[in-house]
Amino acid sequence: MKEGLKRLQKKLAVTILLMALLPTASFAYVKRDLLQKQGTVQAIRAALLPAQKWIPYPVYTDRAGWDRLTGRYKNTFIERGNAALGYQWKVIKATDYLEYTRTGSRVIMENPLNENLTAIVNLFIAELAEGKGRYMDQLANGVFAACEMTTWSLSAHLSLQSSKIFFPDHREQIIDLVAGDTGSLFAWIYYYFHHELKKMNPLLEMRLKKELENRIIAPYIQRDDFWWMALRYKPGDLVNNWNPWCNSNVLQTYALIEEDPEKLARAVYRTMTSVDQFINYTNEDGACEEGPSYWGHAAGKLYDYLQLLYDMTGGKISLFNEPIIKNMGTYISRAYVGNGWVVNFADASAKLHPDAPLIYRYGKAVNSMELMQLAALLQSESKERPAPSEGRDIYRLLQTLRFDEAIAQNEPVHKVPAFTWYPQTEVCFMKADGMFFAAKGGHNNESHNHNDVGSFNLYIDNTPIMIDAGVGTYTRQTFGPERYSIWTMQSAYHNVPGINGYNQKNGAAYKARQAHFDEETKTFSLDLAGAYPAAAGVKTWKRLYRLKAGGLEIRDQFTIKEAKEKNRIHFLCQGGVTTPAPGKIIITQGSLRTELQYEERLFDRVVDTINLDDRRLSGVWGNKIYRITLIAKKTSSSGQYRYTLKKL
């Protein structure tokens, strides 16, 4: 039993993927070091403003200021606080942590922690809004309960511990996404209420500050081995959304807690060195390889970090004029289809309600009218304008309140070019005649990777037709060695071919060749051969996409060394599927009918129903989707195929 547990722990430790997942290769890294070029530690120390001067929110005692900031939402915040007054604080049990290694479940541990943090946020904001002290006792209860926890990190992230044991290790503190979120939240609580906590009992104030020092401040400055810091970066390492997310949290904590100017300056510079690695890793084109639903955690968190740094230094440190920063922002606009749908590749979800206030703030910072107008449109589509709720992210909540009225001053439209080509990331978006097309090249080792080189999405009238299913509920398997046993990750469930009996393989070596967008002909083309294992024997598989008024045309031209199996062409779609005639398949969604045409003389067809019993998937697509497979009637060493999709 003990040996089995040790083997499991060793296996999990070897595959320390966390939220980042298996892929650890990048072809994009450019040593720009834009932040470090802004100044030395000494220059930063000279530029840093006292907290009271850079924080743009009212002090606790400024009741008129908080009335203005909370505005129409004040009563809602107070109601949320009232509801939390009777909240019973959840205890995260030992078995809740053990569940991750036993069954792979994360939510058993995560849910009670998130409920506790939500209650703390609601009590905190209610007290700031009302200012009468009614919520302080219960807020102190929540903070104290959290301080009593061995770790603020999630069970799935405990591989960051030196022991590599997936159980809270009392001997060390680590910083993951949630520990960082909790630290920044508690730092704001300390900033606003340390006097009130001290009045309740001096040990409350001392305990809170000590926990922030032990859990966030000390580990960050003393260690450089957290993978997300990328301070030991070497070619091939992954630097994803964890980097700006965690660094943003650390920067807030230091800015609000650290009283020594020299220590603060050194810590700020260290965050700059770390965040530079994320910017270095990102393609110059600014595309988010993790997809639109991760944009808020990747580019969005980078914006949060840069805005904090800008404010803390009175604007002396700023990257908002850098083209790559603007490109990273506008990606969310280009990937937004409409009606809550976005382009999705990899683990990204196709259904998204973009964060309009965040998009507005980003647009304002980089001077993008496109982003500010999109934010206004998204805000206008929300009829009731409910009080903002940013989960455990108190900084975003405060920033949302700060700019709430400014968003509506922009024209509510979504103006984007007819096409957007991301040459380094190899992602292409095209629009024509009510259709939105997106396709990708890239490689099969991207962050949150699916084996999907060459796959595409097609939307007609803001309705998804050809889709990427996305990812199911996160478990241990999602980010472990069993990842590609999950159907949503496999190329056979993406809009790409199965060649000579083989599907695409995961790994940095499996990638697109000659990905190219032709502006004149509005075509995106690439060679898929490199995404398949050598055993497939495929020499070339050139796929071309052309979007025009009549519909989407797809052409495949291939050569195979030794054809042994029939090729299979996959299409994953949403909506009812019927086969009225040879060479024609109809996809129906309400009154919208789309026809897939193919060469009947070359293919047989099979339609599979995929029942969705995972809530994360069914919440997007309903209880089923369909896979259309065109099976070649003959094995062929070379040939050409052609398919078209058009609205009827």
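Up top is the structure.
These notes cover the structure that comes with them.

What counts and how
Residues numbered from 1 in each chain as written. Predicted model: local features only at pLDDT ≥ 70, side-chain atom pairs only at ≥ 80, totals over all residues. Heavy atoms only, no water. Pairing = 2+ DSSP bridges. Helix = DSSP H or I, 4+ residues; strand = E, 2+ residues; numbered from the N terminus. Axes fitted to C-alpha atoms, helices over the stretch in contact; angles between N-to-C directions. Phe/Tyr/Trp six-rings, centres within 6.5 Å; stacked < 30°, edge-to-face > 60°. Lys NZ or Arg CZ within 6 Å of the ring centre and 35° of its normal. Buried < 20%, exposed > 50% of the residue type's maximum accessible area, 1.4 Å probe, protein only. Polar contact = N/O pair within 3.5 Å; in protein donor to acceptor, adjacent residues only side chain to side chain. Contact = heavy atoms within 4.5 Å. Salt bridge = Lys/Arg side-chain N within 4 Å of Asp/Glu carboxyl O. Parallel < 35°, antiparallel > 145°, perpendicular 65-115°, else oblique. Left-handed = near helix turned anticlockwise from the far one by under 90°. Nonpolar A, V, L, I, M, F, W, Y, C, P; charged D, E, K, R; others polar. Disulfide = S-S within 2.5 Å. Core = buried A, V, L, I, M, F, W, Y, C linked by side-chain atoms within 4.5 Å.

Further remarks concern the sheet that holds strand E18 (residues 592-598). One open sheet holds the 8 strands; their spatial order is E11-E12-E13-E14-E21-E18-E17-E16, and the pairing between them is antiparallel. Pairing within the sheet leaves two strands with one partner each, and these edge strands are strand E11 (513-518) and strand E16 (576-581). Sheet twist, expressed as the mean angle between neighbouring strand axes with direction ignored, is 15 degrees. In this sheet, strand E21 (residues 638-647) lies alongside strand E14 (residues 551-560) in antiparallel orientation, the contact comprising 8 bridges. In the sheet register, Phe558 faces E21, and the bridge partner there is Gly639.

This structure, assessed with the given rule, holds 46 aromatic pairs. Ring geometry for Trp152 against Phe186: centres 5.3 Å apart, planes inclined by 80 degrees, an arrangement best described as edge-to-face. Of this pair, Trp152 sits in the loop between helix H8 (136-147) and helix H9 (177-200) while Phe186 sits in helix H9, and the two are 34 residues apart along the sequence. Above the face of the Trp341 ring, Lys351 is positioned so that its terminal group lies 4.2 Å from the ring centre.

Let us now look at the side chain of Thr182. If you trace the backbone, Thr182 turns up in helix H9. For Thr182, a relative accessible area of 2% translates into the label buried. There is a polar contact of 2.8 Å between the side chain of Thr182 and the backbone oxygen of Val178. Not counting chain neighbours up to four residues away, the residues in contact with Thr182 comprise Leu117 and Trp152.

To continue, consider the pattern of salt bridges. Under the counting rule described, the total for this entry stands at 38 salt bridges. Between Arg396 and Asp393 there is a salt bridge, with the nearest N and O atoms lying 3.8 Å from each other. The pair formed by Arg396 and Asp393 is uniform in burial state, with each residue classed as buried. Among the salt bridges present, the one from Lys647 reaches Asp461, with a minimum N-O distance of 2.5 Å.

A few words now on the packing of H9 against helix H10 (residues 202-222). Packing of H9 against H10 leaves a shortest axis separation of 8 Å and a crossing angle of 160 degrees. With respect to H10, the axis of H9 lies roughly antiparallel. In this structure, H9 meets H10 at a crossing whose hand is left-handed. Counted together, Ala179, Gly180, Gly183, Phe186, Ala187, Ile189, Tyr190, His194, Leu197, Lys198 and Met200 of H9 and Pro202, Leu204, Glu205, Leu208, Lys209, Leu212 and Ile216 of H10 form the full contact between these two elements. Here the residues of the contact of H9 with H10 are counted per class, giving 12 nonpolar, 3 polar and 3 charged.

Attention now goes to the state of the cysteines. Under the definition given, this model contains 0 disulfides. In this structure Cys428 is not part of a disulfide, and its nearest cysteine sulfur, from Cys288, lies 17 Å away. Its relative accessible area of 0% is what places Cys428 among the buried residues.

The next point concerns the nonpolar core. With 163 residues, the main nonpolar core has Leu35, Phe124, Phe186, Trp188, Ile189, Tyr192 and Ile325 as its most contacted residues. Looking at this core, the element that brings in the most residues is H9, giving 13 residues. When neighbours within four sequence positions are excluded, Trp188 is seen to be in contact with Trp54, Ile55, Tyr57, Phe124, Gln252, Leu256, Ile394, Tyr395 and Leu398. Ile465, Leu526, Ala531 and Cys573 belong to the second largest nonpolar core, which has 48 residues in total.

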